[in-house]
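Here is what each chain is made of, one letter per residue.
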Amino acid sequence: MSNVRIQRVIEKMKKKGLTQLLVSDPFSIKFLTGVNVNPGERLYALILRTNGKHTFLLNYLFFVKDTGFEEVWFGDTVDQIKIIIDNIDTKETLGIDKTWPARFLIPLQEACPELKVVWGSDCVDYVRAEKDPEEVALMKKASQINDSVMLKVKDFIKEGMTEKEVAEFIDNEYLKAGAEGVSFDTIVCFGENAADQHHMPSETRKLAAGECILIDMGCRYKGYCSDMTRTYYCKSADPEQTFAHDIVREAVERAEALCKPGTPICEIDKAARDLMDEHGYLKYWTNRTGHFIGQEDHEYGDVSPLNTNPAVPGMIFSIEPGVYIPGKYGVRVEDLILITEDGHEILNHVDKKWEIVG
């Protein structure tokens, strides 16, 4: 188990006034213990305590051994709520993870009306948000693979191809480059489809000259994700679209310029938002500027007007403003940013400027 990571969580628990925290998110458990389980509907939890006596709740169906924690094993035929009750202090406040199902939480509260439960997920989530050197190295490698595949797909795209053909090329190239697979379903959009921010590639939609090509892609390398978006044009480019692209790119660059320790994350969002508003594009961009990323493509934390927390070294998040005009076209440019001790590092190195391809 990672004593350093767990100790960082314990310190945050103490600041929050918690003596016990139930961690149920499989990604958080893997982060803290190295144990990788997909529990399905079954009870799966790590109970952390500030006194250092931690307990792992494990079903016999999970292929796990020698975790380094006190292990409590059980099967499907026992009262799992009682298992929980027997392993917590019902007289103390219990911190609850963000993903713990209501099918466990509500019966627990009904059985123990004296138990006070609070949101405690941030004790782990904020630690996960500040990547350690091992995690940073893995994410840099995932982004290097992403860069290499984006350069290949840019040369691969040709007029007449379908969105699905391009997406399958990307997915296959990831495997050739040593990735485990995708970090999310690869997004490839032509023309008006690019106005749909999560459009899924069509098997029939073919690329025509003069259309935009929006590619949002990411791979997974040793459990960590990459993410990047670039927008290109087939054969030729309409000036209206390339002007929008230039503004989006500049919005990305203005936001990135503010990325350093201590900067309120909402100010990073504001830098992009103000430029988009100045050019009349804000009505075509209604979402946040970015999301945090790590073991999952979207992790706890975002780059939005609501996040007033300061940027901290080790944080990795996306910067991805866009313009989405229904029935016409879309533009998105996305980088991943690592906050360093004295500034930031951009993890994507593929040129952000628009280009003609195909």
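Given the structure is predicted, the values throughout are model-derived calculations rather than measurements.

### Some points on the overall build of the chain
Counting its secondary structure elements, the chain contains nine helices and 20 strands. At 23 Å, the chain has a C-alpha radius of gyration in line with the 21 Å of a compact globule built from 358 residues. Seen along its three principal axes, the alpha-carbon backbone of the chain occupies a region of about 70 × 40 × 35 Å. Surface summary for the chain: the accessible area is close to 15400 Å², and the carbon and sulfur share equals 51%. Between the averaged position of the 42 positive side-chain charges in the chain and that of its 59 negative side-chain charges there is a distance of 2 Å.

### A short note on the domain arrangement of the chain
The domain boundaries assigned to the chain delineate domain 1 (1-127) and domain 2 (130-356). Centre-to-centre, using C-alpha coordinates, domain 1 lies 35 Å away from domain 2. With 10 residues of domain 1 at the contact, the number on the domain 2 side is 11 residues. Both faces considered, domain 1 and domain 2 share a buried interface measuring about 1000 Å² in area, 41% of it formed by carbon and sulfur atoms. By the criterion of area lost to domain 2, the three top residues of domain 1 are Arg5, Phe27 and Tyr126, representing 50% of everything that side buries. The interface formed by domain 1 and domain 2 contains three salt bridges. Of the charged contacts, one joins Arg5 and Asp132 as a salt bridge, the two residues approaching to 2.8 Å between their closest N and O atoms. At the junction of domain 1 with domain 2, the criterion picks out five residue pairs in polar contact (both at pLDDT 80 or more). Elements supplying a minimum of two residues to the side of domain 1 that touches domain 2: α1 (3-16), α2 (26-33) and α5 (122-129). Among the residues making up the side of domain 1 that touches domain 2, the classes are represented as five nonpolar, no polar and five charged.

### Thoughts on the packing of aromatic side chains
Applying the stated criterion across every chain yields a total of 10 aromatic pairs. Feature note: the residues Tyr44, Phe56, Phe62 and Phe69 constitute an aromatic cluster, connected by ring pairs. The ring of Trp285 carries Arg273 above its face, with NZ or CZ at 4.5 Å from the centroid.

### A word on the sheet that holds strand β3 (residues 55-59)
With respect to topology, six strands assemble into an open sheet ordered β4-β3-β2-β1-β5-β6, the strand pairing being mixed. Each having just a single partner strand, β4 (70-74) and β6 (117-119) make up the two edges of the open sheet. Each neighbouring strand pair of the sheet contributes to a mean axis angle of 25 degrees, computed without reference to strand direction. Examined bridge by bridge, strand β1 (residues 20-23) and strand β2 (residues 45-49) share four bridges and lie antiparallel to one another. The residue bridging Leu22 from the neighbouring strand is Ile47, located in β2.

### A closer look at the sheet that holds strand β8 (residues 187-190)
If you walk across this open sheet you meet the four strands as β8-β9-β12-β20, and the pairing is mixed. Taken across any chain shown, the strands that pair with only one partner, and hence form the sheet edges, are β8 and β20 (356-357). In this structure, strand β9 (residues 212-217) lies alongside strand β12 (residues 228-234), joined through six bridges in antiparallel fashion. Bridge assignment links Ile215 to a residue of β12, and that residue is Arg230.

### Some words on the UniProt feature "domain: Creatinase N-terminal" (unreviewed entry) in the chain
Taken from the UniProt record, the annotation "domain: Creatinase N-terminal" (unreviewed entry) applies to residues 5-128. Secondary structure over residues 5-128 splits into 35% helix and 20% strand, and the C-alpha atoms at its two ends are 9 Å apart.

### Examining the nonpolar core
In terms of nonpolar packing, the biggest core is built from 59 residues, with Val9, Leu48, Ile170 and Ile213 touching the most fellow members. Two domains each provide a minimum of three residues to this core, namely domain 1 (1-127) and domain 2 (130-356). Setting aside chain neighbours within four positions, we find Leu48 in contact with Ile6, Val9, Ile10, Met13, Thr19, Gln20, Leu21, Val23, Leu32 and His54. Membership of the second largest hydrophobic core comes to 35 residues, among which are Cys189, Val248, Phe292 and Ile325.

### Remarks on helix α4 (residues 102-111)
Taken together, the buried positions of α4 are occupied by Phe104, Leu105 and Leu108. Relative to the axis of α4, the buried residues are bounded by an arc of 95 degrees and lie together on one face. Residues of α4 that are buried sit in contact with α3 (80-86), β5 (94-96) and β6.

Criteria and thresholds
- Residue indices begin from 1 for each chain and proceed along its sequence in written order.
- The model is predicted, so local features are restricted to residues of pLDDT at least 70 and side-chain atom pairs to those at 80 or more, both for listing and for counting; the totals for chains, interfaces and linings are taken over all residues.
- Excluding hydrogens and water, the side-chain values take into account all heavy atoms of the structure.
- Each helix corresponds to a stretch of at least 4 residues labelled H or I by DSSP, and each strand to a stretch of at least 2 residues labelled E; elements are numbered beginning at the N terminus.
- In this setup the radius of gyration rests on C-alpha atoms only. A globule is expected at 2.2 Å times the number of residues raised to 0.38.
- Surface accessibility follows the Shrake-Rupley procedure with a 1.4 Å probe radius. Residue values consider only the protein chains on display as shielding.
- We count Lys and Arg on the positive side and Asp and Glu on the negative side, and we leave His and both chain ends out.
- Lysine's charge is taken at NZ, arginine's at CZ, aspartate's at CG and glutamate's at CD.
- As annotated, the domain borders come from an automatic or database domain assignment.
- The contact criterion used is simple: two residues touch if any of their non-hydrogen atoms lie within 4.5 Å.
- Take the accessible area each of two parts loses on contact, using a 1.4 Å probe, and add the two losses: that sum is the buried area.
- Each reported salt bridge corresponds to a side-chain nitrogen of Lys or Arg within 4 Å of a carboxyl oxygen of Asp or Glu.
- Between N or O atoms, a polar contact is any pair within 3.5 Å; within protein, one atom must be a potential hydrogen donor and the other a potential acceptor, and residues adjacent in sequence are included only when both atoms are from side chains.
- Amino acids are sorted into nonpolar (Ala, Val, Leu, Ile, Met, Phe, Trp, Tyr, Cys and Pro), charged (Asp, Glu, Lys and Arg) and polar (every other residue, Gly among them).
- Stacked, tilted and edge-to-face are the three classes assigned to paired rings of Phe, Tyr and Trp, where Trp is represented by its six-membered ring and a pair needs centres within 6.5 Å; plane angles under 30 degrees give stacked, over 60 edge-to-face, the rest tilted.
- To sit over a ring, a charge needs its Lys NZ or Arg CZ within 6 Å of the ring centre and within 35 degrees of the ring normal.
- Strands were regarded as paired on the criterion that DSSP finds at least two bridges between them.
- Fitting a line to C-alpha atoms yields each axis, with helices limited to the stretch in contact; the angle taken between N-to-C directions then spans 0 to 180 degrees.
- UniProt positions are given in the numbering used here, feature names are shortened, and annotations may be inferred rather than shown by experiment.
- Among buried residues, those of type Ala, Val, Leu, Ile, Met, Phe, Trp, Tyr and Cys that are joined through side-chain atoms within 4.5 Å constitute a nonpolar core.
- Note on classification: 1.4 Å probe, protein chains only; a residue is buried when its accessible area is under 20% of the maximum for its type, exposed when over 50%, partly exposed between these limits.
- Of all possible arcs, the one meant is that of the directions from the helix axis to the C-beta atoms.

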